There are 8 protein chains.
Amino acid sequence: MDPKILSNLLKDVADGKLTPDAAAERLKTLPYDDLGFAKLDTHRALRTGRGEVVFGIGKTPGQVAAIMKRLSESASLVIATKVGAEYCEAVRAALPEGLAYYETAKLLVYQSGAGGTAQPSPKEQKGTVAVVCAGTADIPIAEEAAVTAELYGVAAERYRDVGVAGIHRLLDKADDIRKADAVIAVAGMEGALASVVGGLVGVPVIAVPTSVGYGASMGGLAALLAMLNSCSLGVSVVNIDNGFGAGYLASLIVKG
Amino acid sequence: MDPKILSNLLKDVADGKLTPDAAAERLKTLPYDDLGFAKLDTHRALRTGRGEVVFGIGKTPGQVAAIMKRLSESASLVIATKVGAEYCEAVRAALPEGLAYYETAKLLVYQSGAGGTAQPSPKEQKGTVAVVCAGTADIPIAEEAAVTAELYGVAAERYRDVGVAGIHRLLDKADDIRKADAVIAVAGMEGALASVVGGLVGVPVIAVPTSVGYGASMGGLAALLAMLNSCSLGVSVVNIDNGFGAGYLASLIVKG
Amino acid sequence: MDPKILSNLLKDVADGKLTPDAAAERLKTLPYDDLGFAKLDTHRALRTGRGEVVFGIGKTPGQVAAIMKRLSESASLVIATKVGAEYCEAVRAALPEGLAYYETAKLLVYQSGAGGTAQPSPKEQKGTVAVVCAGTADIPIAEEAAVTAELYGVAAERYRDVGVAGIHRLLDKADDIRKADAVIAVAGMEGALASVVGGLVGVPVIAVPTSVGYGASMGGLAALLAMLNSCSLGVSVVNIDNGFGAGYLASLIVKG
Amino acid sequence: MDPKILSNLLKDVADGKLTPDAAAERLKTLPYDDLGFAKLDTHRALRTGRGEVVFGIGKTPGQVAAIMKRLSESASLVIATKVGAEYCEAVRAALPEGLAYYETAKLLVYQSGAGGTAQPSPKEQKGTVAVVCAGTADIPIAEEAAVTAELYGVAAERYRDVGVAGIHRLLDKADDIRKADAVIAVAGMEGALASVVGGLVGVPVIAVPTSVGYGASMGGLAALLAMLNSCSLGVSVVNIDNGFGAGYLASLIVKG
Amino acid sequence: MDPKILSNLLKDVADGKLTPDAAAERLKTLPYDDLGFAKLDTHRALRTGRGEVVFGIGKTPGQVAAIMKRLSESASLVIATKVGAEYCEAVRAALPEGLAYYETAKLLVYQSGAGGTAQPSPKEQKGTVAVVCAGTADIPIAEEAAVTAELYGVAAERYRDVGVAGIHRLLDKADDIRKADAVIAVAGMEGALASVVGGLVGVPVIAVPTSVGYGASMGGLAALLAMLNSCSLGVSVVNIDNGFGAGYLASLIVKG
Amino acid sequence: MDPKILSNLLKDVADGKLTPDAAAERLKTLPYDDLGFAKLDTHRALRTGRGEVVFGIGKTPGQVAAIMKRLSESASLVIATKVGAEYCEAVRAALPEGLAYYETAKLLVYQSGAGGTAQPSPKEQKGTVAVVCAGTADIPIAEEAAVTAELYGVAAERYRDVGVAGIHRLLDKADDIRKADAVIAVAGMEGALASVVGGLVGVPVIAVPTSVGYGASMGGLAALLAMLNSCSLGVSVVNIDNGFGAGYLASLIVKG
Amino acid sequence: MDPKILSNLLKDVADGKLTPDAAAERLKTLPYDDLGFAKLDTHRALRTGRGEVVFGIGKTPGQVAAIMKRLSESASLVIATKVGAEYCEAVRAALPEGLAYYETAKLLVYQSGAGGTAQPSPKEQKGTVAVVCAGTADIPIAEEAAVTAELYGVAAERYRDVGVAGIHRLLDKADDIRKADAVIAVAGMEGALASVVGGLVGVPVIAVPTSVGYGASMGGLAALLAMLNSCSLGVSVVNIDNGFGAGYLASLIVKG
Amino acid sequence: MDPKILSNLLKDVADGKLTPDAAAERLKTLPYDDLGFAKLDTHRALRTGRGEVVFGIGKTPGQVAAIMKRLSESASLVIATKVGAEYCEAVRAALPEGLAYYETAKLLVYQSGAGGTAQPSPKEQKGTVAVVCAGTADIPIAEEAAVTAELYGVAAERYRDVGVAGIHRLLDKADDIRKADAVIAVAGMEGALASVVGGLVGVPVIAVPTSVGYGASMGGLAALLAMLNSCSLGVSVVNIDNGFGAGYLASLIVKG
């Protein structure tokens, strides 16, 4: 409910244009949730500055284009996740300005006022998240997480190919990783990276299991279970391949 | 939000005792949910006449007694499910009047004004649910469903030991079962009863898988999956061993 | 067994044309089930007015066409579920009259006397089912449920994109949803919609898990398990993506 | 080891052509298993008359052709299972005589002396197996079982579309089914057919779960578990979609 | 329906004591299934001579005693499965004559006219089943199968501790095992016995997975899956630990 | 490696007491990790002020007492998780001072200088975590999380019995919950609470699935999967019943 | 078959005492397997010097005593695994000499000539296996592995509490671990230890998942899957909690 | 850390060019891990002579080519696993010399100095591994294992089509297999081969489950579980279809 509408209604009561009973009746019949949740929504939007998200799997390019177009009318940031490069043309046709496509991350992003690119400007970023990934096959999900964090205003430091099979590569980077405000650990197969990283740092670790692997990896289930059972403290887990969710959560944690 | 409070506030505005802005502020700061949901709750209670339910697993007799006592102060019907006979003493000490214990169903029931018993009087019942169960080991869950339906005002006809291994026993009863307004099919092991019953009747069938079985029954999972895949139309499924849920749902369906 | 055949046989006995023993022999050798089940079938058909259903997955357009053609000869309503638009041509060739294709719902429907369309006429509908779905990706299954309910004579009110992540959208519609005689809650991912809706209404809720999601959604298993464990009363569950089953069951519940 | 070879060797010893030590040495150096297992193999082949089987999944037409060609040199019956029609050409090129392709069953069969067809002649069959299947989608697996039984010399009576959702269809056939020496029950979805059939007959029932279904059928796992938990006696289970295995086993049971 | 009742009714029609319409009405209102299925039941009992079975798990000694007592009144053989020695006293109190307890097999058996023992007399047995088990821990289930087969009139030859880890033990017995009319292969852990035995014999093999094992044996699931995937022909599977079912099925196969 | 040791060694080199080669040798032979990781450990301890944790499951009271005693010698805070009240006596015998037992949370806590109690003093707390739980059976895990957060210096606001089945209870508290710096959502059964809470707040949500439930809850697996698939943003998940892990992580997030 | 028997038989043929046909018959009827497999057994025993093993789970103390007694008559080393201390008395009564009980490892060991103890003498050991375990709760399984290796003649170096959560503890020991000829990595929870150790060493790593953990550890399944998916080379896996199997395999590898 | 750098630094201290404090500071700030792990890496490479491995699944030909090219600059052996023949062209373009493609094994191998082929020369091999596989469909994984072992310097003896369904084929080869220093057992379906082989030999057996099978084989899970539960001693397991891992491990075991 728009505050103006409420003010006007109450003024009408004060002015005698509306009896208290009639006003009460109107207030009752107004969708009760509108009041609270419009406020709520605004509150959330104001505080978090979070834009809208379109989950791309199972949607056609045309559908993604239509949804992004609509959302762009009321949001300054619209992100479509897990969309291939073949979506770009259709979306660009609908939204010629302000689009950027992150190929590795499979993110298609609209930012109002961004002109031809949505590349976030570094100077706006606050805090840092370290995005650590085990193997090269995990990079797309890691990149999905890193770019998401950047889009929500957090700097992302990438640490790639630091899987536990050659742990010195990870340890070489440990001091740098420790400087981050949060860590995202991305790994498939046995998912041991989350536990090792969790033991090295003193900040929250968001573990992202990936579907990288075969056989008994069961599409990422092995890594997921391993991460949930991490013997390290400070580790929590998101869905398999959910790089976006990890990046979003990291930005919430880092920006406080 | 109490309507009187709203009326008084608006009268104050009309009387000039409160400025519109101050009133708007107060309306904003009132817990927005109270208005809608107090109404909602009353509405639900009035329409469904449903009492409160206490899930007994994992609670001590003392805890169940305390909760039932508290709930009995505002509800005319309180049901504790899956409680053993050893709970009766503690609950009776707290609630000396109006209790009944259904041993097979493992239901402990409080009804206000029921004196020493909560046995529902048949004359209040409307409509009928047929509670069909496959084997003698399924009877406790079937009874949990049947008594629950009765407590919520629906007559329950019991059909026991009509498993599909000797299908003539079930077919002998088919005409009677067809007269019911809904059917609850209770079966463990392979859970085939739900499909066969579903093919015989033209009313909703609520399938209750039970944990009866061993080995590949996996605690009722085999029956659950079978019932979810029923080739008969009109069948839906509740959780394994959830006789109460089936009885409750049946009463909603039958009483319309 | 046709009652006339039985009457004639008995008359022959009364007329001395047939000895009691010969009659007993003939009665024994008649397929015993025919008597009961022909009656049964007629009874079901008369009472429920339910047509035949063809499950489309795994059948070729030619097979669906042949089956629908055959069924159309004895049924006034024939529904083929989960068939793509590419099936229409083959079926229309076999059944030029009375076909309608619901593209989103993937339902291909024959109704006798429907001419070029099977669109159910609203005036024949009795009662209402609210079909509530969580996200846009769940709409096809929700539509399969809604159209099915309509085809069986129940009005379907659609509530789309009311997932629990923005619960005010659902609450805004709560009063309307509460007016329905039954609710179908369609959701993938975590399937929380069923529990929240179940807590808002006082009528039966049919929960339909969908395969929408990825990773740990395991093809809808996560939503299925969640719905089976709903803490709300009055909720039962059908198979993953089984919109037809939910619509059918809803029509049974609503029409009583 | 060919008995003749053994006899000749011993005769050479008796004739003084071979010293006992040289004979002992030759007997030692002969692969010790050959003696026993050649006998064994012959024994099995003589008694069961079983030909060789080629499992087609994952093999190219060329590979199947090569294997069947080789096997046909020492076996009078060679069966390739689960091969599509596209395999025929390659196999016919290698084996121009004695081939038959069963399209629904996806069996490609070589019989020596069969000329252009391997169609088993009915007069050679002994005993009968009833092959009962739940839905039309189960027919390919049922046919795989039925043809296999026929190829191994047992008559197969087909009962199709007798699923438990309309149990009168099955009961109409019960007396006929009971006349068989064994029953193969083929069903997907909830697999209830095996239990119902198991309750109707007094002969061994071989249950074949099929992968027909979707969602919680989990590729046939629901039917498999249901069948393993059958409450009917005399039921055993083979792998999902293993029509060949069921037909083979049935022929062993029926021919004794 | 008793044939006499039918005859009398028809005689009444012939005698003019009953009009054809009244007779038709009575025939309609008679429970239609009684006719067919009473016949069916008798038919089955006559042909199979199978007694009644009580599944002991989850039943108290008192319940088992009561059920066996009741069944003993109409059956000459009553078997209670999976009952501990502590059940004997209660059952003996109810059924002082004709009881035998098989401790290893956990079978409690009543046979009418057996006096103080139900030990089946060897001379009545026809055919032989070889009961082969992998380890000493599998013996109880193997014994459950063997005694069951004996009770149903088939001789059981026991082959114990012939697991595949020392395959010569099994091969030493192969010629003897091959003489049986059917084989029951009982094994936990990896369940490989079924495949090896299946490759050695030319008769039906009933595989019984047991819950012997730990860790990844998952209560017998590993053995169950292995047996279902047996590369040997002629193997079918019953539920985990279902020795009774295997023995029952073996007797059906052997006695034909 | 103690920095003093290094300094002294280098001084010895500067003083000529040690040749560079001898020093290099000593530096090589010193456990190389000691240098880095002693520093690392100190660094972590200094920054996070985190004490040691003893996982109680599977340990005897004596073992827990011995471990806590040893750890108390070098740590100012030692927490034993998931220990029953029966552990207190043994631990108090070993550690007479500074112990507190949180009965609902099953936490046994040692704090140096705490005298007879380890109750954290509120004035030391910084930031707030809202601990929201669905049902009364979830309270122990919720309390484990809340007390843990408090012990690590974060205020915990408890919101109990705000399950989604009666969503107004949760909405009534939404404004308060929104004020927290992080939210812990504790729920068993279908675990929908995490998604609903995630949609209401703009801070990180740590979801804790509990093993509360039965049947298809599969020991908490249903809630775990649901939470991993949450359609709300900002939600991550810890292991089933891992209240300690959630409280620990919350303190990392809140204290930044 | 004893070679002398064969020689004599052939001499009899040469001497005319036995006709070739009679000899052929005798050769056929000799158990064919005896020849090869008696040799085989001796061969294995001679080469591996492996004693007999009794798996204790599910056996009574009396049964274990009887089996060990019998095996001790032909074997110089008999090991019973997973037996509690309460088994010792019964076994000592049967085998008063040569027994040793390893309490943590739950191994009861008989060695001929060991007098009152079976403690293996270090001087007989050849090669070394490093037994590395993650947490104190994993020690029993690690000890089962270590003692087993020692009993089979390989020295075992224990590395305890070197879980990956504090990886410096493991790295501190890396140089020592690298000196071993094989490594056994024992870990529950997420099982990451196997991958990290696998990355540190250049020898075979035998991974032993343990059932230590709760919730999503699923009785060790999470660790098992993680270890199977190890990104490190040279890692293989044994069953959950199978310390004995790992120790046995390690001795095979180390002793070559 | 390069030892020279350390020496120079310490000389500077001895020479007074650097104060002990400044030297301590520099030692602290040097990446601590470099010292240990550079040494470690060299140590491993020197001892094992193991090259780099590229896991091909999910990588494009271009990516594999680029990675192999880069690795070839520092390694004398680079293996890409699970790559189809279509990868060869791209890799040959990048690496014209020293490449060999093993079609059945799907291995693409670079060896420096190999000219046009990487075929390992037999004379360099030490020790033998027997690679035993159950069926023809398992050959690709068996070949992946065998070629890998050969590339790492171990001779591989292939034993194909020796599945347990016709166990004499395996027994015929038992004496040969026993001569190997290790055995790799490759099998899908029920995976019984590993147990049977494990019982025949006295050397380590590496079991490789394959995804060969259908239905309840669950993509190799049945074989995996069976192998983990092997009743034979000396058996360990690698991931489903992980022929490379088995070959690598075998070379570690055989070469000691």
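As the structure is a prediction and not an experimental result, all values here were calculated from the model.

Cut-off values and rules
Residues numbered from 1 in each chain as written. Chains lettered and ligands numbered in written order. Predicted model: local features only at pLDDT ≥ 70, side-chain atom pairs only at ≥ 80, totals over all residues. Heavy atoms only, no water. Helix = DSSP H or I, 4+ residues; strand = E, 2+ residues; numbered from the N terminus. Buried < 20%, exposed > 50% of the residue type's maximum accessible area, 1.4 Å probe, protein only. Contact = heavy atoms within 4.5 Å. Areas by Shrake-Rupley, 256 points an atom, 1.4 Å probe, with all protein chains shown as cover. Phe/Tyr/Trp six-rings, centres within 6.5 Å; stacked < 30°, edge-to-face > 60°. Salt bridge = Lys/Arg side-chain N within 4 Å of Asp/Glu carboxyl O. Pairing = 2+ DSSP bridges. Axes fitted to C-alpha atoms, helices over the stretch in contact; angles between N-to-C directions. Domains from an automatic or database assignment. Buried area = accessible area lost by both parts, 1.4 Å probe. Left-handed = near helix turned anticlockwise from the far one by under 90°. Nonpolar A, V, L, I, M, F, W, Y, C, P; charged D, E, K, R; others polar. pLDDT = per-residue confidence, 0-100. Lys, Arg positive; Asp, Glu negative; His and termini not counted. Polar contact = N/O pair within 3.5 Å; in protein donor to acceptor, adjacent residues only side chain to side chain.

Caption draft 1: Main features of the overall build of chain A. When helices and strands are tallied, chain A shows eleven helices and nine strands. Put simply, chain A has 256 residues, and 61% of those count as buried. The long-range share in chain A, meaning contacts at least 24 apart out of those at least 6 apart in sequence, stands at 65%. Carbon together with sulfur atoms contributes 52% to the accessible area of chain A, which is approximately 9200 Å² in total.

Caption draft 2: Quick look at the packing of aromatic side chains. In this structure the tally under the stated criterion is 32 aromatic pairs over all chains. Ring centres 5.3 Å apart and planes at 25 degrees place the aromatic pair tyrosine 214 of chain E and phenylalanine 55 of chain G in the stacked group. Pair noted here: tyrosine 214 of chain E is in the loop between strand E8 (205-209) and helix H10 (221-228) and phenylalanine 55 of chain G is in strand E1 (residues 52-55), and the two residues belong to different chains. Here a set of aromatic residues connected by ring pairs shows up, and it is made of Tyr152, Phe244 and Tyr248 of chain A.

Caption draft 3: Seen up close, the pattern of salt bridges. Residues and elements named next belong to chain A. Within this structure, the stated rule accounts for 56 salt bridges over all chains. Arginine 160 serves as the salt-bridge partner of glutamate 143, at 2.9 Å between the closest nitrogen and oxygen. With glutamate 143 in helix H6 (residues 139-151) and arginine 160 in the loop between strand E6 (155-159) and helix H7 (167-172), the pair connects residues that are 17 residues apart, well separated along the chain. A relative accessible area of 41% means that arginine 160 is categorised as partly exposed.

Caption draft 4: Structural context of the pairing of strand E4 (residues 107-111) of chain D. Residues and elements named next belong to chain D. In terms of residue burial, E4 counts as a mostly covered element, since five of its five residues are buried. Of the two faces of E4, both are covered, the one formed by Leu107, Val109 and Gln111 as well as the one formed by Leu108 and Tyr110. The loop that links strand E3 (residues 99-102) with its antiparallel partner E4 comprises four residues; one of these, lysine 106, has a positive phi angle of about 55 degrees.

Caption draft 5: Quick peek at the sheet that holds strand E3 (residues 99-102) of chain H. All names here are of chain H. Across the sheet, four strands lie side by side as E1-E2-E4-E3; this open sheet has mixed pairing. Each end of this open sheet is capped by a strand with a single partner; those strands are strand E1 (52-55) and E3. Strand-to-strand twist in this sheet, taken as the mean axis angle between neighbours without regard to direction, amounts to 15 degrees. Sheet topology places E1 next to strand E2 (residues 77-81); four bridges connect them, and they run parallel. Bridge assignment links glutamate 52 to a residue of E2, and that residue is valine 78. Helix-sheet contacts for helix H4 (residues 61-72) involve E1, E2, E3 and strand E4 (107-111), and the interaxial angle to E2 is about 160 degrees.

Caption draft 6: Inspection of helix H10 (residues 221-228) of chain F at higher detail. Taking burial as the measure, the eight residues of H10 of chain F include eight buried ones, the bulk of the element. The set of residues buried in H10 of chain F consists of Leu221, Ala222, Ala223, Leu224, Leu225, Ala226, Met227 and Leu228 of chain F.

Caption draft 7: Representation of the domain arrangement of chain A in the model. All names here are of chain A. The domain boundaries assigned to chain A delineate domain 1 (32-111) and domain 2 (128-255). Its C-alpha centre places domain 1 at a distance of 25 Å from the equivalent point of domain 2. Across the contact, 14 residues belong to domain 1 and 14 residues belong to domain 2. Interface area for domain 1 against domain 2, summed over the two sides, is near 1200 Å², with a carbon-plus-sulfur share of 68%. Seen at the junction of domain 1 and domain 2, the total is one salt bridge.

Caption draft 8: Up close: the packing of helix H6 (residues 139-151) of chain B against helix H11 (residues 243-255) of chain B. Residue and element names in this part refer to chain B. Taken N-terminus to C-terminus, the directions of H6 and H11 make an angle of 35 degrees; their axes are 7 Å apart at the nearest point. Crossing of H6 against H11: the hand is right-handed. On H11, the residues touching Ile141, Glu144, Ala145, Thr148 and Ala149 of H6 are Gly243, Phe244, Ala246, Gly247, Tyr248 and Ser251. The class makeup of the residues in the contact of H6 with H11 is six nonpolar, four polar and one charged.

Caption draft 9: Here's a closer look at the confidence of the model for chain A. Residues and elements named next belong to chain A. Here chain A averages 83 in pLDDT, while 83% of its residues score no lower than 70. Within the model, pLDDT remains below 50 along residues 28-48, and this stretch shows 46 contacts once partners closer than five positions in the same chain are excluded. Interface confidence in the predicted complex, given as ipTM, is 0.81; pTM for the same model is 0.85.

Caption draft 10: Local environment of the environment of threonine 128 of chain E. All names here are of chain E. Secondary-structure assignment places threonine 128 in strand E5 (residues 128-133). Separated by 49 residues in the primary sequence, threonine 128 and isoleucine 177 have C-alpha atoms spaced 9.8 Å apart. For threonine 128, the residues in contact, after removing those within four places along its chain, are Val154, Ala155, Glu157, Ala180, Asp181, Ala182 and Val254.

Caption draft 11: Expanded view of the sheet that holds strand E3 (residues 99-102) of chain C. Residues and elements named next belong to chain C. Read from one edge to the other, the open sheet built from four strands follows the order E1-E2-E4-E3, with strand pairing classed as mixed. A single partner strand is all that each edge strand has here, and the edge strands are strand E1 (52-55) and E3. When strand polarity is set aside, the average angle formed by the axes of neighbouring strands in this sheet is 15 degrees. Running at roughly 160 degrees to strand E2 (residues 77-81), helix H4 (residues 61-72) makes contact with E1, E2, E3 and strand E4 (107-111) of the sheet. Running at roughly 10 degrees to E4, helix H6 (residues 139-151) makes contact with E2, E3 and E4 of the sheet.

Caption draft 12: Region of the structure containing the environment of valine 186 of chain B. Along the chain, the position of valine 186 of chain B falls in strand E7 (residues 182-187). Linking valine 186 of chain B and serine 72 of chain B, residues 114 residues apart in sequence, is a C-alpha distance of 31 Å.

Caption draft 13: Structural context of the side chain of glutamate 190 of chain H. Along the chain, the position of glutamate 190 of chain H falls in the loop between strand E7 (182-187) and helix H9 (193-200). Arginine 169 of chain H provides the closest opposite charge to the buried, unpaired glutamate 190 of chain H, separated from it by 9.7 Å. Polar side-chain contacts of glutamate 190 of chain H include one of 2.3 Å to the side chain of serine 195 of chain E. If we ignore the near neighbours within four places in the chain, the residues touching glutamate 190 of chain H are Ser195, Ala226, Asn229, Ser230 and Cys231 of chain E together with Val164, Ala223 and Ala226 of chain H.

Caption draft 14: Focus on the environment of valine 132 of chain B. All names here are of chain B. Mapping valine 132 onto the fold places it in strand E5 (residues 128-133). Classification of valine 132 as buried rests on a relative accessible area of 0%. Measuring from C-alpha to C-alpha, the distance between valine 132 and valine 197 comes to 8.6 Å, with 65 residues separating the pair along the chain. In this view, valine 132 contacts Tyr159, Val162, Leu170, Ile177, Val183, Ile184, Ala185, Val186, Leu193 and Val197; residues no more than four positions away in its chain are not counted.

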